[in-house]
Amino acid sequence: MISVMKQPLRIKVSGGLEGDFVVTEERSADEFVITREVAREATDEEFAAFEVEHGPFLPPDDEG
């Protein structure tokens, strides 16, 4: 049996407090707790946007 992991809800905040945050607790329909997102893997959409802007990743050249 394969269990499905729920993706954390991510939000972008602007104003007096800015940055990317993750919802860590949902207290009610209109109240939740967030924490600043420090490091995470890029989503497929973010990865595709990065490649559009910077070009595709190249395979390692076996140097070094």
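Residues numbered from 1 in each chain as written. Predicted model: local features only at pLDDT ≥ 70, side-chain atom pairs only at ≥ 80, totals over all residues. Heavy atoms only, no water.

(A) Expanded view of the packing of aromatic side chains. Applying the stated criterion to the full structure yields two aromatic pairs. Geometrically, the ring pair formed by F50 and F57 is stacked, given 5.6 Å between the ring centres and 20 degrees between the ring planes. Three or more aromatic residues link up through ring pairs in this structure, and these residues are F47, F50 and F57. (Phe/Tyr/Trp six-rings, centres within 6.5 Å; stacked < 30°, edge-to-face > 60°.)

(B) Just the pattern of salt bridges, in detail. Summed over all chains, the structure comprises four salt bridges. Of the charged contacts, one joins D20 and K12 as a salt bridge, the two residues approaching to 2.8 Å between their closest N and O atoms. In this structure D20 comes out as partly exposed when scored by relative accessible area, which is 31%. For K12, a relative accessible area of 66% translates into the label exposed. Put simply, E25, R27 and E31 are held in one network by salt bridges that share partners. (Salt bridge = Lys/Arg side-chain N within 4 Å of Asp/Glu carboxyl O. Buried < 20%, exposed > 50% of the residue type's maximum accessible area, 1.4 Å probe, protein only.)

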